[in-house]
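# Observations on chain architecture
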Amino acid sequence: MDLDKKHVEIEAGVTMGELSDFLKKHKRSFPIGLSGKTGIGYILTGGISPLSRNRGLAIDQIIEIKGFWGNGEEFHLLRPTTQKESYLEWKALCGAAIFLGIITKVKLKTQPLRPLLSWTANLSFSHLSECINQAESWPNSLSFQWIYGEDIFAHAIGEPINTDDESSLINLLERLPYSRNRTINKVHDMNSLPNLSLGNHKNNNSNHSEVLGLLGPAWQKNNPQVLKIIQDLINKRPNKSCYVASQQLGGITHLTDLDTSFIHREAIWKPWINGAWDAYDQSKRKLTLKWMEEAWNNLEFICPGVHLAQIHPHLPWHKRELSTAFKDWLPTLQEIKSIHDPRNLMPPLN
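Below, the structure is looked at part by part. (Residues numbered from 1 in each chain as written. Predicted model: local features only at pLDDT ≥ 70, side-chain atom pairs only at ≥ 80, totals over all residues. Heavy atoms only, no water.)

Okay, the pattern of salt bridges next. Under the defined criterion, the tally for this structure stands at 18 salt bridges. With a shortest N-O distance of 2.6 Å, Arg265 and Asp60 are connected by a salt bridge. In this pair, Arg265 sits in the loop between strand E12 (243–248) and strand E13 (269–278) while Asp60 sits in the loop between helix H3 (52–55) and strand E3 (62–69), placing the two residues 205 residues apart along the sequence. No difference in accessibility class separates Arg265 from Asp60, as the two residues are buried. Notably, a salt bridge pairs Arg237 with Glu150, separated by 2.4 Å at the nearest N-O pair. Taken as a pair, Arg237 in the loop between helix H7 (223–235) and E12 and Glu150 in the loop between strand E8 (142–148) and strand E9 (152–158) lie far apart in primary sequence, 87 residues in all. Overall, the relative accessible area of 45% leaves Glu150 in the partly exposed class. When salt bridges that share partners are traced, they join Glu9, Glu11, Lys66 and Lys105 into one network. (Salt bridge = Lys/Arg side-chain N within 4 Å of Asp/Glu carboxyl O. Helix = DSSP H or I, 4+ residues; strand = E, 2+ residues; numbered from the N terminus. Buried < 20%, exposed > 50% of the residue type's maximum accessible area, 1.4 Å probe, protein only.)

Here's what the structure looks like:
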């Protein structure tokens, strides 16, 4: 920790929960995601946090990156202040590093540690629709997350800056409908927040799974149609551990000075499709992957982007994912890869 500049340097292997605990000792924080178990891969693939609407993505906090390109050459890049020689390499690493090299160390900006507001509740189908409607008009200091499987569980998280702001955010949270188990709490940091889960995933070791993250604009008048699609998908899921969840972005387009490989900065929602099957059962795996593709195809009209927090070079969708995640930036990324990873030792970009 640089106590003067309030920067923190972490090496590969540090989890976001450990980072949050360390920064708490210095009254600082970092926009970690919904799980404290992820490592710096969370940051390097974009890093969508419940605090992203206000603070930006995790990659927006990077000021230095150290590591090795796929060709074995060592690098140490500082955040470019102009579009100079290392600008394209920096842009490539911030969001696509996994395809290009191995990151050993990053230096990050931190923010003041502030208490968070946490609203959790179980919802009915109609409640979820109303919550999404309300959340789309919220200030950037409040975000909404939900998970839809056997049940619907939702979590809203706010970061008030003062007492008046806290009262305003609580007022918005109290307007949300719910069916049962509603709680509104104040917690010290992200590590103290409850997990976004349905609480019924016992015997997880007996399942294998894949996750596909989508990105798209506000649903607005499409809300009923989108939720009906999701409801139909849930009703025919091939395994009870399959679910659809989503977290709220939006408001990060104001960070125009930052150029990264996360190109979908206008996105408001990141739904993700979790497909699961009985371990080692190839026929059930095939059914689940088909269900995931159907979900993607049906939701693509409202979620045209992809967030590559998970990559699937072993699946036939890999090229489609790359094209959707990076769009017009992909050819330049492929060119950078041909220079720095000519033997394709890292995951493929084609």
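Still more to cover.
Inspection of the secondary structure puts Tyr178 in the loop between helix H6 (163–174) and strand E10 (180–187). Counting along the chain gives 168 residues from Tyr178 to Ile10, while the straight-line C-alpha distance between them is 40 Å. Leave out the neighbours within four places in its chain, and Tyr178 touches Trp119, Ala121, Asn122, Leu123 and His127. (Contact = heavy atoms within 4.5 Å.)

A large share of helix H4 (residues 87–96) lies buried, amounting to eight of its ten residues. For H4, the full list of buried residues reads Tyr87, Trp90, Lys91, Ala92, Leu93, Cys94, Gly95 and Ala96. Check the buried side of H4 and you find it contacts helix H2 (40–44), E3, strand E4 (74–78), strand E5 (101–109), helix H9 (318–326) and helix H10 (330–340).

The backbone phi angle of Lys27 is positive, close to 60°, even though this residue is not glycine. Turning to its location among the elements, Lys27 is positioned in the loop between helix H1 (16–24) and strand E2 (28–29).

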